[in-house]
Amino acid sequence: MLNTLYKGFKSGTDIRGVALEGVEGQSVNLTDEVIAAMANGFLLWLSEKVNKPADKLTVTVGRDSRVSGPRIAKAVTETMKAAGARVLDCSLSSTPSMFMTTVDLGADGAVQITASHHPFNRNGLKFFTRDGGLEGSDIEIILEHAQNGDKAPESDGGVIEKIDYMAQYKEHLKDIIRKGVNSDNYEKPLEGFKIVVDAGNGVGGFYAEVLEDLGADTRGSRYLEPDGMFPNHVPNPENKEAMKSIRDAVKEAGADMGVIFDTDVDRGGAVDKSGNEINRNRLVALASAIALEGNEGGTIVTDSITSSGLKEFIENDLGGKHYRYRRGYKNVIDKGLELNARGINCPLAIETSGHAAMRENYFLDDGAYLCTKIIIKMAQLRKEGKSIEALTASLKEPKEECEIRFEITESDFRACGERIISELTAYAENADGWILADDNREGVRVSFGENDGNGWFLLRLSVHDPIMPLNIESDSEGGVEIIKAKLYEFLNGITGLKI
């Protein structure tokens, strides 16, 4: 059983905590001692997983651009060396590249030091084996080892080797683009294209180098230099300021496309030549169109907050099947893996946040790989005199949308949230004009006809926090307010939620 301290580090399938002072009310809890305990916990878990003693393991360690990264990397690598492991220090690296070290370098396991798009003072650990990212239950075992002070026996045979795996990873992406575009100028297939990159001062600046080496003009790219204080904008494709930055960059440079990444590049987004966002539902639609080529009738797994228009696009326009699942990128990926194991053709699992995992790429959520596939498609379409925008031209977008995040006021927030969902389900079943979705697998999703708001809402329980997010979309002006009013009649009578 985890105590309060160690329970607080668990964030789904990651470990996260406070690594730097600088934010009022947030004291450092990711100390060197705690990090060392976690590194030992991972070694013990990994030893059992691959059936090797710690002094026979090879583990890669990378980090994003956060200021606390070098300190944490030193604690991790020194701890593993003391246990006799061979440690490959990859320094600045993207999270997806660290998984790829288990493929290309044969590493038994990989550790990425990152806290994704979270503020500068936070950091954490993310783990991989050749089977992919860990499950939440694996993280609990690692944290229990850390809490209990469990460690592998010390050994003199450990080494730390500095390597530049990102150079190999960049060549891998270039090779994919060369083969995918297959232009007459094979070595420079992107010659004549102008593509700008916004890395948000994370580790994604390398992608501009990939494009330049393939002949693309990347002048006008922004914030390519790693800076763990993130002085320009939050590195997060879901962030409005971040998306405005890449849209402005495309317009100012007159670019054919812009791409943007989060801090550690496991998520991506794009902007077309007109400055329109290819993000959220439109990103899912474009990725689905690409993934279903050669996978006719295949199933696309998404998270629960995707729009009605997206379902119609996947099923009616693309001829695929839409499997709407729970929020959380690991939930979506695991469902994709499960469907394929059952013999159901699922080439893509994608969350509206930008986590996109393709079966052809180990079901790895890799923002650089996603943007690579989009750029290949753009180049292929140009040969045919078409544009990338044409692929999703028929996608119906809502006229209005909003998200409200309600705070749960009861201490057992999960039980409270589940009670509210149960009560709302019963209410919806008996309310006139409320149509419960028959394909929903998280929270409560209800649709309304043209005279009742012409849209839908989804109320669910947050994956990690004492929050109930409410998403509403409508295909009519004023529809969101109508749906809000209908839902308020229920919410106003319940307890445990600050509305």
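Residues numbered from 1 in each chain as written. Predicted model: local features only at pLDDT ≥ 70, side-chain atom pairs only at ≥ 80, totals over all residues. Heavy atoms only, no water.

1. What about the overall build of the protein?
Summing up its helical and strand segments, the protein has 14 helices and 23 strands in all. In summary, the protein has a C-alpha radius of gyration of 23 Å against a globular reference of 23 Å for 499 residues, a match within 12%. For the protein, buried positions account for 57% of its 499 residues. A separation of at least 24 residues holds for 69% of the contacts in the protein among residues at least 6 apart in sequence. Working note: accessible area of the protein is about 20300 Å², and carbon and sulfur atoms make up 45% of it. On the protein, the mean spot of the 58 positive side-chain charges and the mean spot of the 80 negative ones are 2 Å from each other. (Helix = DSSP H or I, 4+ residues; strand = E, 2+ residues; numbered from the N terminus. Rg over C-alpha atoms; globule rule 2.2 N^0.38 Å. Buried < 20%, exposed > 50% of the residue type's maximum accessible area, 1.4 Å probe, protein only. Contact = heavy atoms within 4.5 Å. Areas by Shrake-Rupley, 256 points an atom, 1.4 Å probe, with all protein chains shown as cover. Lys, Arg positive; Asp, Glu negative; His and termini not counted. Charge placed at Lys NZ, Arg CZ, Asp CG, Glu CD.)

2. Considerations on the sheet that holds strand β15 (residues 348-350)
If you walk across this open sheet you meet the five strands as β14-β13-β15-β16-β17, and the pairing is mixed. The sheet is open, and its two edges are formed by β14 (321-324) and β17 (364-365), each paired on a single side. Bridge count between strand β13 (residues 299-302) and β14: four bridges; the pairing is parallel. Bridging from a neighbouring strand, Val301 pairs with Tyr323 of β14. With respect to the sheet, helix α9 (residues 280-291) is in contact with β13, β15 and β16 (356-358), its orientation differing from that of β15 by roughly 170°. This element, helix α10 (residues 308-317), spans β13 and β14 of the sheet and lies at about 150° to β14. (Pairing = 2+ DSSP bridges. Axes fitted to C-alpha atoms, helices over the stretch in contact; angles between N-to-C directions.)

3. Digging into the nonpolar core
By size, the foremost hydrophobic cluster in this structure holds 60 residues, and its most contacted members are Leu190, Phe206, Tyr207, Val259 and Ile375. Considering every element that reaches this core, the biggest residue donor is helix α12 (residues 367-383), with ten residues. (Core = buried A, V, L, I, M, F, W, Y, C linked by side-chain atoms within 4.5 Å.)

4. Structural notes on the sheet that holds strand β19 (residues 435-436)
Strand order across the open sheet formed by six strands is β19-β20-β21-β22-β18-β23, with antiparallel pairing between neighbours. Where the open sheet ends on each side, the last strands, each with one partner, are β19 and β23 (497-498). With respect to the sheet, helix α14 (residues 479-491) is in contact with β18 (400-408), β20 (444-448), β21 (455-459), β22 (467-474) and β23, its orientation differing from that of β22 by roughly 140°.

5. Points about the packing of helix α7 (residues 206-213) against α12
At a minimum axis distance of 12 Å, the contact between α7 and α12 shows a crossing angle of 30°. Taken together, α7 and α12 sit at an angle that is classed as roughly parallel. The way α7 lies across α12 gives a crossing that is right-handed. Between α7 and α12, the residues in contact are Phe206, Tyr207 and Leu211 and Ala368, Cys371, Thr372 and Ile375, respectively. Classifying every residue of the contact of α7 with α12 by side-chain character gives six nonpolar, one polar and no charged. (Parallel < 35°, antiparallel > 145°, perpendicular 65-115°, else oblique. Left-handed = near helix turned anticlockwise from the far one by under 90°. Nonpolar A, V, L, I, M, F, W, Y, C, P; charged D, E, K, R; others polar.)

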